[in-house]
Amino acid sequence: MMRSAGARQQSVRIRGGGTKLSWGRPTDPPDIEVSTEGLDQIVEHNEGDLTAVLQAGTPLARAQEALAEADQMVALDPPLGETGGATIGGVVSTADSGPLRHRYGAARDVILGITVVLSDGKIAKAGGKVIKNVAGYDLAKLFTGSYGTLGLIVEVVMRLHPRPRETMTAVGGSDDPRALGDAASAVAHSPFGPECLDVWWAEGQGEVLARFGGAAPEAAAKEVAKLMERAGLETRMVADDDALWERQRARQRSSDDPIVRVSGLAAELPRVVRSAEEVGASLVGRAGLGLAWLTLAGGDGREVVSSIEKLRRSLHPFPCVVFDAPHAVREKVDVWGEAQALSLTRRVKARFDPDGICNPGIFVGGI
Amino acid sequence: MERRVASVVVIDAGLVERLRAISGHTHVLTDEHELRTYESDGLRHYRLPPAVAVLPGSTEEVRDIVRACHEAKVPWVARGAGTGLSGGAIPVEDGVLIVLTRLNRILEVDLDNQRVVVEPCVTNTAISKAVGPTHFYPPDPSSQIVSTIGGNVAENSGGLHCFKYGFTTNYVTGLEIVLSDGEVVTVGGKELDHPGYDLVGVFVGSEGTLGVATKITLRVTPEAAAHQTMVGYFDSIEQAGRAVTDIVGAGIVPAAIEIMDKLTIEATEHWTHAGYPLDVGAALIVELDGSEAECEARSADVMAIYERNGTTSTRVAQDDDERALIWKARKAAFAAMGYVSPYYYVQDGVIPRTRLAEVLEQIDGLSEEYGFKVANVFHAGDGNLHPLVCFDARNPGELERAEELAGRIVLACVEAGGSITGEHGVGLDKKHLMTDMFSEHDLAAFQRLRCAFDPDQLANPGKIMPTPRLCGEVPGPYRKHPLEQAGVAERL
């Protein structure tokens, strides 16, 4: 299919679960839409080796369910991964991530190998099926987060991790962004190593959440609650904590309002919260990693665009990328903002997709 | 055992003059004896001096050197400490060697954000020192005291603690790179998720073929509250392997899991006197970290697993000194092998860990067939085997046969579903094995990346890729590596 599209110079849009179709720059309708729906097999689950081979269209939720039978997981928990039909291929292509990123890293950190179909129909693979491997260039990382602009991901090899049997979350609340920042920082620098370390802020108040797994989650959570209290937070312990974390994930997405993801720095959390407040936005974030998703209040296109521009100015030089925005907004702002090494980026695109048929126009710099 | 190629190379005198103008007379070496310093890396039996070596003192100087090479169409190789084990830093005979030793400053320690910004020739250990004792930099190759971050980035170095903590690639968040046309680009930064392709991710592990990193931003992480280091001794390496499977199967993620076989224990004990018994078949070292409670609970689990798999005795580190001693023995394993054998070849293969027993059996068979002892050191958590092939190069033909044996070991790894290299890189040493792991289409995809970064293929040419390849619309002349030209490195 890719070969014939390439030969005819037809543009191809790649679609997985359809949960992130509004991401990226607005583009012209494609000549062909390729769905990975039929590529939905768990090809291998190598329990003893902590690896799995998954076809791109496999819904993440279904993969997790199968892996859970061996008390294992792909350590990726983006929004709509558990409930919304997001596929592993879509998650990898957009490099989407959730709270587990604090401990396990992003898709780029847990992907071991990849098989892709390039625009001339050639099938190529890179990486391998073992946890450790440095043979050849790491094209799995290149394709992760490339939004389908370099070719079609058909299969991925993922590293697995043990699924914690029990968890405990320490939660600390405050109406002072600085106190939340201090608490988050104390936990991030503590030797207790939480699985997840998150924050949220809305309408003048917020919370820091630290989740622990492992053999003794309660003891570590209690230690961390003390650190939060020292920073002036009111704390509570939550053992049955799944709903808390589902809410954190859900706050990264919006059906009507634009989301701006800020790539900041952990110690700048209070500043990011203040900038969010100035434009009336709520915030959810990975407190130890400096990543935050701001939900802007709706309104007409013009107001939203001016809020985005204001955020970019006040948070400069932190990259601010717009997701989930209505078409009208995406037409008026560059959703990606300033991109680095653009001419090198264009050369990479030109080498992998010389005819420019793969998701044209969706990526940075109009790639 | 040397494979030396006589250096009778004339390099463009105008280029040498330009290099002198850029970095100063004292930092440009053309004397044959001085150049010998740089003729090899950790893969000692390949030796080849460069035509000229230059020691730049800044990013701007690196940029100007690379630009001058680009204009003269002269290939170049960047080099750090030269501890690599795959020949990745072996010079090009008629090219320029860019020695980065003067770029050795820690530029910024931003502990609040858990970031460090360094120049490429800062040593691996210096990073942990700069952020300790509260924080550390997890990737810890055994050469860490001398190996440099620039080299670690080029090779995507691993180490003992990567089963839990990951590899160099998981810790590099930003790079300043001089591309082969002299353009200086910044990719990533202290922040995560810069929009665009993950160019940091493809650069790490590219073995010096995509450009030269002149500034590196690294993530560091807090030290755990507690460590528990426990050694189990077993009659056989297979028993130790089964214990590892049980540990991982129980959902335990140790900070490190290492196995040494009898021969390795003998060698390393002679060298370090760390107190390993000499009458055991294998030692399994497990290090747990985390909270006190976590370590306590898990160490009981590990001890029970040791027992269940027939451990003959165990040793638990009582304090930090003893912990350091246990690790000193493991880290000295390669160097100590000199006690057992005058020459040895370090292999670096990866297998799915569950195939350990059968691959070890094959290695034993090969060892017998070739009549060479093979010692085994094993990053057991991630399936990374380091068989050390012992031979005596003073006997004619032994080096070749030892290399052949090492090659067959790594093929056994690939056949078991593994890789030809876990952390030492492909370099010059293993490029002929790439076709055993990758198809023609896979290699062509790699070449697309290479050509996007370096269409003239001037950066570290002749490494990684098994056969000469052109870059489409910018066809550069392929130049055989001089070792190949001289017929000493002809590949199968």
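Not measured: the values here are computed from a predicted model.

Caption draft 1: Here's a closer look at the overall build of chain B. The helix and strand tally for chain B stands at 17 helices and 21 strands. When its C-alpha atoms are laid out on the principal axes, chain B stretches across 70 × 60 × 45 Å. For chain B, contacts bridging at least 24 residues in sequence account for 72% of all contacts bridging at least 6.

Caption draft 2: Representation of the interface of chain A and chain B. Facing 65 residues of chain A, the contacting portion of chain B comprises 71 residues. Mapped onto the side of chain A that touches chain B, the elements with two or more residues apiece are α5 (107–110), β7 (123–127), α6 (139–143), α8 (217–230) and α13 (342–352) of chain A. Among the elements that take part in the side of chain A that touches chain B, α13 of chain A stands out by supplying six residues, more than any other. Within the side of chain A that touches chain B, the residues separate by chemical class into 34 nonpolar, 19 polar and twelve charged.

Caption draft 3: Structural detail: the pairing of strand β16 (residues 291–295) of chain A. Residue and element names in this part refer to chain A. Counting buried residues along β16, five of its five residues qualify, which places the element largely inside the surrounding structure. The alternating pattern of β16 places L291, W293 and T295 and A292 and L294 on opposite faces, both of which are buried. Direction of pairing for strand β14 (residues 259–263) relative to β16: antiparallel, over a ladder of five bridges. Each bridged residue has a counterpart across the sheet, and for V260 the counterpart in β16 is L294.

Caption draft 4: Structural context of the environment of I362 of chain A. All names here are of chain A. Here I362 is to be found in the segment after α13. For I362, a count of 20 C-beta atoms within 10 Å corresponds to the buried category. Counting along the chain gives 165 residues from I362 to L197, while the straight-line C-alpha distance between them is 32 Å. Residues contacting I362, with those up to four places away along its chain left out, are G24, R25, T27, Y147 and T149.

Caption draft 5: Here's a closer look at the sheet that holds β7 of chain A. Residue and element names in this part refer to chain A. One open sheet accounts for five strands, arranged β3-β4-β8-β6-β7; its pairing is antiparallel. Lying at the two open borders of the sheet, with one neighbouring strand each, are β3 (42–46) and β7. Direction aside, the axes of adjacent strands within the sheet are offset by 10° on average. In terms of strand pairing, strand β6 (residues 111–117) meets β7 through five bridges, oriented antiparallel.

Caption draft 6: Examining the nonpolar core more closely. All names here are of chain B. Of all hydrophobic cores here, the largest spans 273 residues; its most connected members are I98, L284 and V389. It is helix α14 (residues 398–415) that provides the largest number of residues to this core, a total of seven residues. Residue contacts for I98: discarding those within four places in its chain leaves V54, P56, V62, I65, W76, V77, A78, R79 and V212.

Definitions and limits used
- Here, residues in each chain are numbered from 1, in the same order as that chain's written sequence.
- Chains carry letters from A onward and ligands carry numbers from 1 onward, assigned in written order.
- Side-chain atom pairs in this predicted model are given and counted only at pLDDT of 80 or more, local residue features only at pLDDT of at least 70, and totals for whole chains, interfaces and linings cover all residues.
- Secondary structure follows DSSP: runs of H or I at least 4 residues long count as helices, runs of E at least 2 residues long count as strands, and numbering of each begins at the N terminus.
- A residue pair is marked as a contact if its C-beta atoms, positioned from the backbone, fall within 7 Å.
- Side-chain classes follow a simple rule in which Ala, Val, Leu, Ile, Met, Phe, Trp, Tyr, Cys and Pro form the nonpolar group, Asp, Glu, Lys and Arg form the charged group, and the remainder, Gly included, forms the polar group.
- Comment: burial labels come from other C-beta atoms within 10 Å of the residue's own C-beta, placed from the backbone, where a count of 20 or more is buried, 12 or fewer is exposed, and between is partly exposed.
- Only strands joined by at least two bridges in the DSSP assignment are considered to pair.
- Inter-axis angles, ranging from 0 to 180 degrees, are taken between N-to-C directions of lines fitted to C-alpha atoms, where helices are fitted over the stretch in contact.
- We call a set of buried Ala, Val, Leu, Ile, Met, Phe, Trp, Tyr and Cys residues a nonpolar core when their C-beta atoms link them within 7 Å.

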